[in-house]
Amino acid sequence: MEIVQIVGFGLIATFLALVVKEQKPVFAFLLTLFVGAVIFLFLLEHIRTAIQLIENLASQASINMIYLHTILKIIGIAYIAEFGSQIAKDAGQGAMASKIELAGKVLIVVMAIPIFNVLVETVLSLIPG
């Protein structure tokens, strides 16, 4: 039922921001930014629990933790870039939002190169030659 609380909190903030936006657009943006940060902080405990569960499963499956941590970092980059992009869009900065998304994509590709390298080496080792 936490999702109901989060959605309710977000909708109340949205309605308040719409009312305030007519008189003080800066305050409406700050309200939106604050509520977004509060929701993110509320979710941190759930994120930590999910990461611990994934790490436990990976250790039971004897998966190299370096690759798992890289994948988790990639997921984190995607979420953070999306969050930053949405904030920029809320502020009316579509061009900046696009740049944030591009930066996230580039960082994801750079971080994925070692995993891709291992994957290619594994496939090549399976091919008789």
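Residues numbered from 1 in each chain as written. Predicted model: local features only at pLDDT ≥ 70, side-chain atom pairs only at ≥ 80, totals over all residues. Heavy atoms only, no water.

1. What to know about a nonpolar patch on the surface
Heads up, the condition is: Patch members must show over 30% relative accessible area and no salt bridge, and they are joined within 9 Å when carrying like charges or within 5 Å when they are nonpolar side chains of Val, Leu, Ile, Met, Phe, Trp or Tyr. The Shrake-Rupley method, run with a 1.4 Å probe, gives the accessible areas here. Residue values count only the displayed protein chains as cover. Salt bridges are defined as contacts in which a side-chain nitrogen from Lys or Arg sits within 4 Å of a carboxyl oxygen from Asp or Glu. In this text, helices come from DSSP runs of H or I with a minimum length of four residues, and strands from runs of E with a minimum of two, each type numbered from the N-terminal end. Residue burial is assigned from relative accessible area. The probe radius is 1.4 Å, only protein chains are included, and a residue is buried under 20% of its type maximum, exposed over 50%, and partly exposed in between.
A cluster of nonpolar residues, Phe40, Leu41, Phe42, Leu43, Leu44, Ile47, Ile51 and Phe83, forms a patch on the protein surface that exposes about 640 Å² of accessible area. At seven residues, the largest contribution of residues to the nonpolar patch is made by helix H2 (residues 25-60). Relative to the elements of secondary structure, Ile47 occurs in helix H2. A residue is classified by how much of its surface remains accessible, and Ile47, at 37% relative accessible area, is partly exposed.

2. Things to note about the pattern of salt bridges
Under the defined criterion, the tally for this structure stands at two salt bridges. Taking the shortest distance from any N to any O, the salt bridge between Arg48 and Glu45 comes out at 2.5 Å. Of this pair, Arg48 and Glu45 both sit in helix H2, separated by three residues, roughly a single helical turn. Looking at Arg48, the relative accessible area reads 40%, which means it is partly exposed. Among the salt bridges present, the one from Glu101 reaches Lys89, with a minimum N-O distance of 3.4 Å.

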